[in-house]
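Architecture at a glance
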Amino acid sequence: MLAGRTRGRSRGKVTTTTSTTTSTTTTTVPPAAATTVDGLDYTAWGTSWPADATGDVGPNDYVQAVNSSFAVFDKATRVARSRTTFNAFFAAAGQTGPCATANRGDPSVLYDSVSGRWVVADFAYASTAGPFYECIAVSKAGDPVTGGWWTYAFTTSATALHDYPRLSAWADGIYMTANMYTGGTTFTGAKVWALNRADLTSGAPLRTVSFQLSSSYANLLAANAKRNDPPAGTAEYLVSLGTSTSLRVWRMAVNWSTPANSTLTGPTSVTVPTYTKASSVPQPTGDTLGAVSDRLMPRLQYSAAAPASLWVNHSVALNSVAAPRWYRIDVSTSTPTLAQSGTFQPTTGLHRWMGSIAVDKLGDAAIAYSVSSASVFPGLRWAGRTAAATPGTFNVGEQVFLNGIGAQSGGANRWGDFSDLSVDPTDGCTFWYTGSYYGATGSAWSTRLGSFRFPTCA
């Protein structure tokens, strides 16, 4: 949410997959149409730009968050069961100080399959001089509306803002990554925390383990095990962009009995096909949007489908047009390697960016993303591949999630920092997605949420 983050500005060509051939798409698996409804909007629930729409799905509900509110939707009916601002929610839960009065966005929503609980969070601060808080709420039961919440005003730093905080679930805890800015402006490096799950789910004082990296590293993502836990004792993975030909991978092993014995090792460099960062994205009005190409896009998804792997994507430039580049990183051995990759660009005139990737129980992968061009209003689409597809290719062609209606105007090019795709933990097949759009040209953003699935997954 905070202004001042670096944005890549470049253009050029990109090749894909583990060889040097361009990714191709052949539609061989016709998917069912996505079922979608409107989510939270700026007029009623927003406080700033961009929307930063995020969400996750559980057994019975879908929880969506934006800057700076969240809502619970019934998964079957798509009807909202509750809506609230972060300020009102944390104040009603008994918090005081910035978590009750100065929630400022970058929301996170996480359904933790290990505990069967919901985690909702955003950051708060009264002044850019600090202190800075991550306002964390954890449901006391599986029902996020009637079951009650434990809440925490977790002090991340007395002097440095934890910008771009992202939450992930792992076997031994909940992990959070962020970029640290002293006084809200001076970048000092990425930081990662492990949050103790037993404390979060019982309301006990929160134990944490953290590591601060140098200013050479930014925008780390922690792996998210949505449905299938990694083998017991597996250290958490963290990944960021490296050079234009590499990713960086860390391992974080937490010892909750003796926290001082916890370790963060890495980074290990994983070679990927060369890429160029995407630049700005056009709209029919002439206003441009940022491509957010300086970082991997949430989430970094763990899949147990053999071989065990991490899936992630980011925006690159292909034929001078933004396109989602995706990776499957093999982590079945102690040394992570690139199993396959591709860049999805079925047409050259349409920009595709700010994607989010997820994997179903069969190893089928989908990416959902925003689209825009000089003649197409920003909208939401998705595409994907079955596990049997030729490496580096998509065999499920582009599908419309929501066609654009208006453009973002008013001088701000911040379309968003992320959107969010996740897989239903109950059936392991249904993908749920949320992202932003405009119902009319202007500055009042809207959001959409809904689901789709591959017909081959049952």
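These remarks concern the structure in this document. (Residues numbered from 1 in each chain as written. Predicted model: local features only at pLDDT ≥ 70, side-chain atom pairs only at ≥ 80, totals over all residues. Heavy atoms only, no water.)

Thoughts on the overall build of the protein
Counted only if it meets this: What counts as a helix is a DSSP run of H or I of at least four residues, what counts as a strand is a run of E of at least two, and both are numbered from the N terminus. Every radius of gyration here is taken over C-alpha atoms, with the globule rule written as 2.2 Å times N^0.38, N being the number of residues. Residue burial is assigned from relative accessible area. The probe radius is 1.4 Å, only protein chains are included, and a residue is buried under 20% of its type maximum, exposed over 50%, and partly exposed in between. The contact criterion used is simple: two residues touch if any of their non-hydrogen atoms lie within 4.5 Å. Computed by Shrake-Rupley with a 1.4 Å probe, the accessible areas treat only the displayed protein chains as cover when residues are assessed. Residues scored as positive are Lys and Arg, those scored as negative are Asp and Glu, and His as well as the terminal groups of each chain are ignored. For the purpose of locating charges, the reference atoms are NZ of Lys, CZ of Arg, CG of Asp and CD of Glu.
In terms of helices and strands, the protein carries 4 helices and 30 strands. The C-alpha radius of gyration computed for the protein amounts to 20 Å, which stays within 12% of the reference 23 Å derived for 458 residues, consistent with globular compactness. On the principal axes, the C-alpha backbone points of the protein span a range of 50 × 50 × 45 Å. Here the protein holds 458 residues, and the buried ones make up 59% of them. When contacts within the protein are restricted to residue pairs at least 6 apart in sequence, those whose partners lie at least 24 apart make up 58%. As displayed, the protein offers around 15200 Å² of accessible surface, 52% of which is attributable to carbon and sulfur atoms. For the protein, the centre of its 32 positive side-chain charges and the centre of its 26 negative side-chain charges are spaced 5 Å apart.

A short note on the state of the cysteines
This is how the line gets drawn: Note that a disulfide, as used here, is simply two cysteine sulfur atoms within 2.5 Å.
Under the counting rule described, the total for this entry stands at 2 disulfides. Here the protein pairs its bonded cysteines, counted in sequence order, in the arrangement 1-2, 3-4.

Quick look at the pattern of salt bridges
Heads up, the condition is: Here, a salt bridge means any side-chain nitrogen of Lys or Arg that lies within 4 Å of a carboxyl oxygen of Asp or Glu.
Considering all chains together, one arrives at 14 salt bridges under this definition. For Arg197, the salt bridge goes to Asp112, with nearest N and O atoms at 2.7 Å. Highlighted residues: Arg197 in helix α4 (residues 197–200) and Asp112 in strand β6 (residues 103–112), separated in sequence by 85 residues. Exposure class is identical for Arg197 and Asp112. Each is buried. Within the structure, one salt-bridge network assembled from shared partners comprises Asp56, Lys226, Arg299 and Asp420.

With respect to unusual backbone geometry
Following Gly130, the chain continues into Pro131 via a peptide bond in cis, with omega recorded as 0 degrees. Looking at the element boundaries, Pro131 is found in the loop between β7 (117–124) and β8 (132–139). Look at the link from Gly266 to Pro267: it is a cis peptide, with omega at 10 degrees. Mapped onto the fold, Pro267 is located in strand β17 (residues 263–271). Not every positive phi belongs to a glycine, and Tyr164 is a case in point at roughly 60 degrees.

Observations regarding the sheet that holds strand β27 (residues 396–402)
Rule in force here: A pair of strands is considered paired only if DSSP assigns at least 2 bridges between the two. The convention used is that axes are lines fitted to C-alpha atoms, helices contributing only their stretch in contact, and that angles between N-to-C directions extend from 0 to 180 degrees.
If you trace the 4 strands from one edge of the open sheet to the other, you get β24-β25-β26-β27, paired in antiparallel fashion. In the strand order of this sheet, the two ends are held by β24 (351–359) and β27, each with one partner. Within the sheet, the average angular offset between the axes of one strand and its neighbour, ignoring direction, is 25 degrees. When strand β26 (residues 379–385) meets β27, the two strands line up antiparallel, connected through 4 bridges. Residue pairing in the sheet places Trp382 in a bridge with Gln399 of β27.

With respect to the side chain of Asn313
Put simply, the rule reads: Any pair of N or O atoms that falls within 3.5 Å is considered a polar contact. Within protein, one atom must be able to donate a hydrogen and the other to accept it, and sequence-neighbouring residues count only if both atoms are side-chain atoms.
Considering the arrangement of structural elements, one finds Asn313 in strand β21 (residues 309–318). A residue is classified by how much of its surface remains accessible, and Asn313, at 0% relative accessible area, is buried. Polar side-chain contacts of Asn313 include one of 3.1 Å to the backbone oxygen of Gly355.

Considerations on the side chain of Asn103
Among the secondary structure elements, Asn103 is positioned in strand β6. Classification of Asn103 by relative accessible area gives buried; the value is 8%. Among the polar contacts listed, one links the side chain of Asn103 to the side chain of Asn87, at a separation of 2.7 Å. Excluding its chain neighbours within four sequence positions, the residues that come into contact with Asn103 are Ser68, Phe86, Asn87, Phe90, Pro98, Asp122, Phe123, Ala124 and Cys135.

Examining empty space enclosed by the protein
Selection rule: Both cavities and pockets are sets of points on a 1 Å grid over the protein atoms alone; in a cavity a 1.4 Å probe fits but cannot get out, in a pocket the set is open with protein on both sides within 12 Å along at least five of seven lines, and lining residues sit with an atom within 4 Å of a point. Grid points are joined across faces, edges and corners, and a volume is the space filled by probe spheres set on the points.
Counting across every chain of the model gives 4 cavities of 30 Å³ or more. If you add up the space inside the largest cavity, you get close to 170 Å³. When contributions to the lining of the largest cavity are tallied by element, the ones reaching two or more residues are β20 (297–303), β24 and β28 (420–423). Here the lining of the largest cavity gets 3 residues from one element, more than from any other, and that element is β20. What the second largest cavity holds in volume is close to 50 Å³. As for the second largest cavity, its lining consists of Arg166, Leu167, Ser168, Thr177, Leu221, Ala222, Pro298, Arg299 and Leu300. Every element with two or more residues in the lining of the second largest cavity is listed here: β10 (160–170), β14 (221–224) and β20.

A short note on the sheet that holds β28
Pairing within the open sheet is antiparallel, and its 4 strands lie in the order β1-β30-β29-β28. Pairing within the sheet leaves two strands with one partner each, and these edge strands are β1 (35–38) and β28. For this sheet, the mean inter-axis angle between neighbouring strands, taken without regard to orientation, is 20 degrees.

What to know about the nonpolar core
Spelled out, the test is: Among buried residues, the Ala, Val, Leu, Ile, Met, Phe, Trp, Tyr and Cys ones that are joined through side-chain atoms within 4.5 Å form a nonpolar core.
Counting residues in hydrophobic clusters, the biggest one holds 35 residues, and the most contacted among them are Tyr175, Val239, Leu247, Met252, Leu310 and Tyr327. Only β12 (186–195), β14, β15 (236–241), β16 (246–253), β20, β21 and β22 (321–330) provide two or more residues apiece to this core. If you look at the next biggest cluster of nonpolar residues, it comprises 24 residues, including Leu40, Val66, Leu289 and Val292.

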